[in-house]
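Examination of the molecular architecture
Spelled out, the chains give:
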Amino acid sequence: MKTRITELFGIKYPIQCGGMLWLATPELAAAISNTGAMGNLTSGNYNKGDELRAAIDRTRELTALPFIVNITTMPSIRLPVELLQEFFRICCERKVTAIEIAGAPVDKFLGPAYMPLAKEAGVKVLHKVGTVRHAEHAQKVGYDAITIAGFEEGGFPHKDNVSTLVLLPIVAESVDLPILAAGGMVDGKSLAAALALGADGVMMATRFLATKDCKVHPAIHQMILDKKENDTGLGLRKLLGNFGLQVRALRNDIMKRIEEVEEHGGDFTELFPLISGERARQVWQNGDAEHAMLTVGQSIGRINDIPTAAELVQRMVAEAEEALRLSLKKITA
Ligand SMILES: Cc1cc2nc3c(=O)[nH]c(=O)nc-3n(C[C@H](O)[C@H](O)[C@H](O)COP(=O)(O)O)c2cc1C
């Protein structure tokens, strides 16, 4: 498969893993990169620059192939802007293949000096966006690629509530950059549809979480197999609305409590114990899925097995070719 994304990143298949706090580790990133797709090392896993440096080096010990480093540019107590700036400089210093920015754009959040730094280092910068105007801004300030994520996605979709099916073709007609489609992507049919709608590849996270290479408690994998497409919900619209965002997560006890707090106008101090990343970190490992805000996408309804990352990617590529062939057959019959 050859698309603008495979060419840009030097990868075999146009499939990328999205950032996943606590889960997108060197081991998972390398396992995915070794399939010919693009693994993701999420910088939010680390509290210090040296920890990220060590994680990049560890990933390189496990794979000689390209991977992308996620930097989530959202206000955070644990990850102040100075640390995110340091993460960005480390990615340039270590000359990683690419940086995935999710949240506010680099020029506005980290500062105008950062994009030129990446260009100088030969590091590609991709921006994950949820609106057409953010895609246009990304093109204007020199990003190399974008990911367009509709509100099906797990994590922090834009508050506009527009689906990938609608956003993707509009963005593909509005900007001239390589595009990854995200939100609802799980298999070769998704990949074929994304290519038909104007994307150059897909980005997925929930689907990669549901692989043997993602080391979570077995009860988490079982929960993903059991849940359906309507088992996720949107929340935190008051807390995150000012940033244009909201959260999509598993509908569980914690999400109900978060909803109650938002409804009675509770503030951040009341919400923090419920939404803290530390809670999610524990739950991925102890398997008690009711007790943290677990960011998963509607794609959860289309996940019916736990393959290895290699099995998943191979199957997707074969399925995409088959799906495109069958679609052509339908219209030419
Ligand atoms: C478990 C999990 C953790 C995530 N953590 C992050 C994160 O730290 N930073 C980020 O930008 N996006 C994060 N996301 C969002 C994904 O990178 C991606 O945008 C989204 O999940 C794509 O939709 P999908 O899950 O339906 O494939 C996370 C998603 C999941 C499933």
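Let us look at the structure shown here. None of these values were measured; they are calculated from a predicted model.

The ligand sits among 22 residues. The nearest are G19, K128, E153, T206 and T295. Between K128 and the ligand, the recorded distance is 2.8 Å, taken from a side-chain N or O atom to an oxygen atom. For the ligand, whose accessible area on its own is 600 Å², the fraction buried by protein is 95%. Listing elements by their share of the shell around the ligand, those giving two or more residues are β3 (67-73) and β8 (201-204). Grouping the amino acids of the shell around the ligand by side-chain chemistry returns 8 nonpolar, 12 polar and 2 charged.

With that settled, consider the sheet that holds strand β5 (residues 124-129). The strands that make up a sheet are held in pairs by hydrogen bonds between backbone atoms, and each pair lies either parallel or antiparallel. One open sheet accounts for 8 strands, arranged β1-β8-β7-β6-β5-β4-β3-β2; its pairing is parallel. At either end of the open sheet lies a strand with only one pairing partner, and these are β1 (15-17) and β2 (39-42). Pairwise comparison of adjacent strand axes, ignoring direction, gives a mean angle of 25 degrees for this sheet. Strand contacts of helix α9 (residues 188-196): β1, β7 (179-182) and β8, with the helix running at about 130 degrees to β8, the strand carrying the most contacts.

Now for the side chain of N252. Relative to the helices and strands, N252 resides in the loop between β10 (247-250) and α13 (253-263). Accessibility expressed as a relative area gives 2% for N252, which makes it buried. A distance of 2.9 Å separates a polar atom in the side chain of N252 from the backbone nitrogen of M255. With near-sequence residues (within four places) excluded, N252 lies in contact with A289, E290 and A292.

A separate point is the packing of helix α7 (residues 132-140) against helix α8 (residues 164-174). The N-to-C vectors of α7 and α8 enclose an angle of 30 degrees; their axes lie 10 Å apart at closest approach. The hand of the α7/α8 crossing is right-handed. Contact with α7, carried on its side by V132, A135, E136 and Q139, involves L167, I170, V171 and S174 of α8 and no other residues of that element. Of the residues contributing to the contact of α7 with α8, the split by class is 5 nonpolar, 2 polar and 1 charged.

Quick look at the packing of helix α2 (residues 26-33) against helix α3 (residues 49-62) now. Packing of α2 against α3 brings their axes to within 9 Å, and their N-to-C directions diverge by 35 degrees. As for the relative orientation of α2 and α3, their crossing is right-handed in sense. In contact with P26, E27, A29 and A30 of α2, α3 contributes A55, R58, T59 and L62. A per-class count over the contact of α2 with α3 returns 5 nonpolar, 1 polar and 2 charged.

With that out of the way, let us pick up the nonpolar core. Counting 82 residues, the largest nonpolar core has I15, F88 and L294 as the members making the most contacts within it. Top element by residues in this core is helix α4 (residues 81-93). It accounts for 7 residues. L245, A249, I254 and L274 belong to the second largest nonpolar core, which has 14 residues in total.

Residues I77, F268 and F272 make up a contiguous nonpolar surface patch of about 310 Å² in total accessible area. Along the polypeptide, F268 turns up in helix α14 (residues 268-275).

Here the focus is the packing of aromatic side chains. Evaluation of the coordinates by the stated rule reveals 2 aromatic pairs. Each ring, one from F88 and one from Y114, has its centre 5.6 Å from the other, and the planes form 85 degrees; the classification is edge-to-face. A residue pair is termed long-range when its members are at least 10 positions apart, and F88 in helix α4 and Y114 in helix α6 (residues 114-121) qualify at 26 residues. In this structure Y114 comes out as buried when scored by relative accessible area, which is 10%. Residues F268 and F272 carry aromatic rings whose centres are separated by 5.5 Å and whose planes lie at 50 degrees to one another, so their mutual orientation is tilted. On the criterion of helical spacing, the pair formed by F268 and F272 is a turn pair, its members being 4 residues apart in helix α14. Owing to a relative accessible area of 36%, F268 belongs among the partly exposed residues under this scheme. Relative accessible area serves as the criterion here: at 40%, F272 is assigned to the partly exposed category.

Rules used throughout
- Residues numbered from 1 in each chain as written.
- Predicted model: local features only at pLDDT ≥ 70, side-chain atom pairs only at ≥ 80, totals over all residues.
- Heavy atoms only, no water.
- Near = heavy atom within 4 Å.
- Polar contact = N/O pair within 3.5 Å; in protein donor to acceptor, adjacent residues only side chain to side chain.
- Areas by Shrake-Rupley, 256 points an atom, 1.4 Å probe, with all protein chains shown as cover.
- Helix = DSSP H or I, 4+ residues; strand = E, 2+ residues; numbered from the N terminus.
- Nonpolar A, V, L, I, M, F, W, Y, C, P; charged D, E, K, R; others polar.
- Pairing = 2+ DSSP bridges.
- Axes fitted to C-alpha atoms, helices over the stretch in contact; angles between N-to-C directions.
- Contact = heavy atoms within 4.5 Å.
- Buried < 20%, exposed > 50% of the residue type's maximum accessible area, 1.4 Å probe, protein only.
- Left-handed = near helix turned anticlockwise from the far one by under 90°.
- Core = buried A, V, L, I, M, F, W, Y, C linked by side-chain atoms within 4.5 Å.
- Patch = residues over 30% accessible without salt bridge, like charges linked within 9 Å, V, L, I, M, F, W, Y side chains within 5 Å.
- Salt bridge = Lys/Arg side-chain N within 4 Å of Asp/Glu carboxyl O.
- Phe/Tyr/Trp six-rings, centres within 6.5 Å; stacked < 30°, edge-to-face > 60°.

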